[in-house]
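Spelled out from the first residue to the last, the chains are:
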Amino acid sequence: GAVTSTENSTTSLSLNVWQHIAFTVQQSGTVIYINGSEDGTFSNTPFTTNNTGSFDIGMNEYSPGVTQAYTDGSIDQVRIFDKALSPGEVNSLYNETTTTAALGTITNPSTIAYYKMADPTDETGSYNGTATNVDFNVQGKYGFAGKFNGSSSRVDLPTGDLGFGTNNFSISLWFNSADITQNDQSLFWFQHYQNPIRLGASVSSSSYGGDNDVRFY
């Protein structure tokens, strides 16, 4: 994906509360959702991706070997879809139950990858991640979650674009912040090394021009 502008959510995040964050990306623009409701939109530059970038959960690798923006909190139910989800579909993800979280996503033909965050395994079997300093033995929104320490925790997904190409796609996850004031905590990040192409979502504190909200790239 390629997003060359940024947009902050109008909704601020709370401390020690599970909150649902999603965004849908099309060639024409990105739609932001917080807790099942549309929060804003912003325009994209027409994009394409290839297999020369990095995907990370809990931090971002801005260039090869250069990491930053570690998350302090827990992340659960990371899901990637190969289409722009409708508002109703995003709302269904927000209102799901433990049963639908486990089964509905796996059987959804639009699912590219699904990380239950009991470990870094992709439930579809296609894109297993590699975890570093992530505690998976904590209570999640549904079952267990990955706890990130804010300084070194990360999940690296396989290098590549997960089949995005020039297609529409969506990303959905649950986040529970342990330190809402820590600046620039990347929840999910894709960085294309050869071009100024990036997409992701980061917690943005007041010191970074935000209001403990989510900055989308």
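Residues numbered from 1 in each chain as written. Predicted model: local features only at pLDDT ≥ 70, side-chain atom pairs only at ≥ 80, totals over all residues. Heavy atoms only, no water.

**Student:** In this structure, what is going on with the overall build of the protein? I would like to understand it.
**Tutor:** Within the protein one finds two helices and 17 strands. Across the 217 residues of the protein, 53% fall into the buried class. The contacts in the protein between residues at least 6 apart in sequence include a share of 66% that link residues at least 24 apart. Accessible surface, the protein: about 8500 Å² in total, of which carbon and sulfur atoms supply 46%. (Helix = DSSP H or I, 4+ residues; strand = E, 2+ residues; numbered from the N terminus. Buried < 20%, exposed > 50% of the residue type's maximum accessible area, 1.4 Å probe, protein only. Contact = heavy atoms within 4.5 Å. Areas by Shrake-Rupley, 256 points an atom, 1.4 Å probe, with all protein chains shown as cover.)

**Student:** Which parts of the structure should I look at to understand the environment of Q185?
**Tutor:** Note on placement: Q185 falls in strand β15 (residues 185–192). Separated by 126 residues in the primary sequence, Q185 and M59 place their C-alpha atoms 6.7 Å from one another.

**Student:** It is not clear to me how the environment of H20 should be interpreted in this structure. Could you clarify?
**Tutor:** With respect to the element layout, H20 can be found in strand β2 (residues 18–25). A residue is classified by how much of its surface remains accessible, and H20, at 0% relative accessible area, is buried. Spatially, the C-alpha atom of H20 lies 8.5 Å from that of L93, the residues being 73 residues apart in sequence. Of note is the side chain of H20, whose polar atom sits 2.7 Å from the side chain of S172. (Polar contact = N/O pair within 3.5 Å; in protein donor to acceptor, adjacent residues only side chain to side chain.)

**Student:** What exactly am I supposed to notice about the packing of aromatic side chains here?
**Tutor:** Counted under the stated rule, the structure contains two aromatic pairs. With centroids separated by 5.8 Å and ring planes inclined at 20°, the aromatic side chains of Y94 and W174 adopt a geometry described as stacked. Taken as a pair, Y94 in helix α1 (residues 87–94) and W174 in strand β14 (residues 169–177) lie far apart in primary sequence, 80 residues in all. Of the residues examined, Y94 reaches a relative accessible area of 28% and is grouped as partly exposed. In this structure W174 comes out as buried when scored by relative accessible area, which is 1%. (Phe/Tyr/Trp six-rings, centres within 6.5 Å; stacked < 30°, edge-to-face > 60°.)

**Student:** Can you walk me through the nonpolar core in this structure?
**Tutor:** Burial of nonpolar side chains together is a common tendency in soluble globular proteins. Counting residues in each nonpolar core, the largest one holds 28 residues, and the members touching the most others are I57, V78, Y115, M117, V155 and F188. Contributing elements (two or more residues each) for this core: β2, β3 (29–34), β5 (53–57), β8 (72–81), β9 (111–115), β13 (154–157), β14 and β15. Ranked by residues supplied to this core, first place goes to β14 with four residues. Those residues in contact with I57, other than ones at most four positions away along the chain, are I75, V78, Y115, M117, F148, R154, V155, L157, L187 and F188. Grouped together as the second largest cluster of nonpolar side chains are seven residues, V31, Y33, L85 and V90 included. (Core = buried A, V, L, I, M, F, W, Y, C linked by side-chain atoms within 4.5 Å.)

**Student:** So what exactly am I meant to see when it comes to the pairing of β2 here?
**Tutor:** On a regular strand, each side chain points to the face opposite its neighbour's, so the side chains alternate between the two faces of the sheet. Counted residue by residue, β2 has eight buried out of eight residues, so it is predominantly covered. What you see with β2 is no split at all: W18, H20, A22 and T24 on one side and Q19, I21, F23 and V25 on the other are buried throughout. Bridge analysis of β2 against β14 gives eight bridges, and the strand direction is antiparallel. Counterpart to A22 in the pairing with β14 is S172. Across five bridges, β2 lies against β3 in antiparallel orientation. Bridge assignment links A22 to a residue of β3, and that residue is Y33. The hairpin formed by β2 and β3 contains three residues between the paired strands. (Pairing = 2+ DSSP bridges.)

**Student:** What's the story with the pattern of salt bridges in this structure? I'm lost.
**Tutor:** Oppositely charged side chains may form a pair once their charged atoms are brought near each other. All chains considered together, the criterion is met by three salt bridges. For R79, the salt bridge identified is with E96, shortest N-O distance 2.7 Å. Of this pair, R79 sits in strand β8 while E96 sits in the loop between α1 and α2 (98–107), and the two are 17 residues apart along the sequence. E96 carries the same exposure label as R79, and that label is buried. Of the charged contacts in the structure, one is a salt bridge between K83 and E89, with a shortest N-O distance of 2.7 Å. On the accessibility criterion, K83 (28% relative accessible area) is partly exposed. (Salt bridge = Lys/Arg side-chain N within 4 Å of Asp/Glu carboxyl O.)

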